[in-house]
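The lines below spell out each chain.
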Number of protein chains: 2
Amino acid sequence: MALEPLSSREKILDVSEALFARRGFAGVGLREVADAAGLRKSSLFHHFRSKTQLYYEVLGRVLGRIQLHVAPVFESRRAALQRLDQLVDALVDALAEDPTAARLLLRALFEEDRFPAEPGAEAEECERRLAEILQGIRCLLREGVEAGAFHRVSVAHTIQTLIGAIVFHFASGEFGESLLGRPVLSAEAVSRRKQELKNLLHRGIAAAPA
Amino acid sequence: MALEPLSSREKILDVSEALFARRGFAGVGLREVADAAGLRKSSLFHHFRSKTQLYYEVLGRVLGRIQLHVAPVFESRRAALQRLDQLVDALVDALAEDPTAARLLLRALFEEDRFPAEPGAEAEECERRLAEILQGIRCLLREGVEAGAFHRVSVAHTIQTLIGAIVFHFASGEFGESLLGRPVLSAEAVSRRKQELKNLLHRGIAAAPA
DNA sequence: GTCTATACTACGATAGAC
DNA sequence: GTCTATCGTAGTATAGAC
């Protein structure tokens, strides 16, 4: 699939995603986006109302891909600890498959009053997708705690720890690479990350040793 | 101390720190810095060569404060697990005392090819300070593993997890607040964070229960 | 040490030809 | 759907009066 040439719209989204991930909303100029997409600046406005709308479409696309990965976990009927393992695998896979996703997501989670608030449907869509993902994680953890499968951890703090440990790691680029001695997105580093996280969680939050 | 009015230089550093933390390097204009400092734009250049140098001086100051907090931990002769607790307390205290530190630090850790590379002594000073902090953490973890006090975790991955779990949490602002139901920098949230982290680490990486 | 004034570039966005 | 041309603003940085 996708052998046919990309539409301009898709091309713009692709190059914007890479640029926004690297430099953030304010750090990217539409001139740069246009150059990378092989268009003129003004042509961008035929496809997107504004830079802000472009940003939210990019972010929404990334969140949608992450949803695709985690949705099966939230529908799973297995035991809490196994679902937590599935969640780690799904999140890591989602971020490892798309090199820009982690950075974009990290920015979305900790940056605020980002830019001229232009409400729009795209921003709300992002909020909705993010809220759905969080709600799934929250339920999973709460059920584990209430079933006695997990220690009585704070669900909110555990979510923060998971996000920090997963999203930051894969967003850390050169820094992470210099720590690990290999690119964070290399196959060995990705599978090692999963294992380290699952080990930590099994010992750290599972009430009974797995 | 510090009852006398701030020098212009200090005032600029203070307001820049707040602005860079919130919006990042590219998101802040010198006009905004000047207004907040009560000066004209061009006066900033009397104190700092360039925007880039200003940024690195701000970052260096933040890293220096963090070093002050963690230095005693690295000199401590106590057992590895106790030193890990000390480290968590020190990092959390450092980030909780300065509301802008976590965001500035998180940006420094995951953003790259930030802006026109202007080497300068200030950027090197930042690199040096960061490397010293990391080296201290690395030694602490390695000693714990080698002494058998910790499980055989990957030191590099554990550092990533610690950074993610601590720095991201305190950088998460409104997002974290909406999860926790209270500001991440509120006294209860800060002490709860320490406790949750130490619980996780005691169960998750300490080889023998404390 | 702060100011006014200015140079030059880039920004996001629009109008209208093709 | 892409282009050229342009608008108005703001960006970093410098020169030189006070």
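Residues numbered from 1 in each chain as written. Chains lettered and ligands numbered in written order. Predicted model: local features only at pLDDT ≥ 70, side-chain atom pairs only at ≥ 80, totals over all residues. Heavy atoms only, no water.

**Observations concerning the protein's contact with DNA strand D**
Part 1 of the argument: The immediate surroundings of DNA strand D are formed by 16 residues, with A:S8, A:R40, A:S42, A:H47 and B:K41 found nearest.
Part 2 of the argument: In the interface set of DNA strand D, defined as its atoms within 4 Å of the protein, sugar plus phosphate atoms amount to 53%.
Part 3 of the argument: Side-chain polar atom of A:S42 to a base oxygen of DNA strand D: 2.6 Å apart, as the coordinates give it.
Part 4 of the argument: Here A:S43 contributes a side-chain N or O atom positioned 3.0 Å from a phosphate oxygen of DNA strand D.
Part 5 of the argument: Contributing elements (two or more residues each) for the surface near DNA strand D: α3 (41–47) of chain A together with α2 (30–37) and α3 (41–47) of chain B.
Part 6 of the argument: Its residues placed into classes, the surface near DNA strand D shows 4 nonpolar, 8 polar and 4 charged. (Near = heavy atom within 4 Å. Polar contact = N/O pair within 3.5 Å; in protein donor to acceptor, adjacent residues only side chain to side chain. Helix = DSSP H or I, 4+ residues; strand = E, 2+ residues; numbered from the N terminus. Nonpolar A, V, L, I, M, F, W, Y, C, P; charged D, E, K, R; others polar.)

**A few points about the relation of the copies chain B and chain A**
Part 1 of the argument: Of the transformation placing chain B onto chain A, the axial shift is 0.0 Å and the rotation is 180°, giving an RMSD of 0.0 Å. Those values place the two copies in the arrangement expected of a two-fold rotation axis.
Part 2 of the argument: Comparing interface residues between copies, 100% of those in chain B also sit at the interface in chain A, which points to an isologous, same-surface contact. (Least-squares fit on C-alpha atoms with pLDDT ≥ 70 in both. Contact = heavy atoms within 4.5 Å.)

**Quick look at empty space enclosed by the protein**
Part 1 of the argument: Enumeration over the complete set of coordinates arrives at 8 cavities of 30 Å³ or more.
Part 2 of the argument: Taken together, 22 residues form the lining of the largest cavity, with A:R23, A:G24, B:R23, B:G24 and B:R107 sitting closest to its centre.
Part 3 of the argument: Only α1 (8–27) of chain A together with α1 (8–27) of chain B provide two or more residues apiece to the lining of the largest cavity.
Part 4 of the argument: The residue inventory of the lining of the largest cavity, partitioned by class, reads 6 nonpolar, 4 polar and 12 charged. (1 Å grid on protein atoms, 1.4 Å probe; cavity = no way out; pocket = protein on both sides within 12 Å on 5 of 7 lines; lining within 4 Å. Points joined across faces, edges and corners; volume = space filled by probe spheres on them.)

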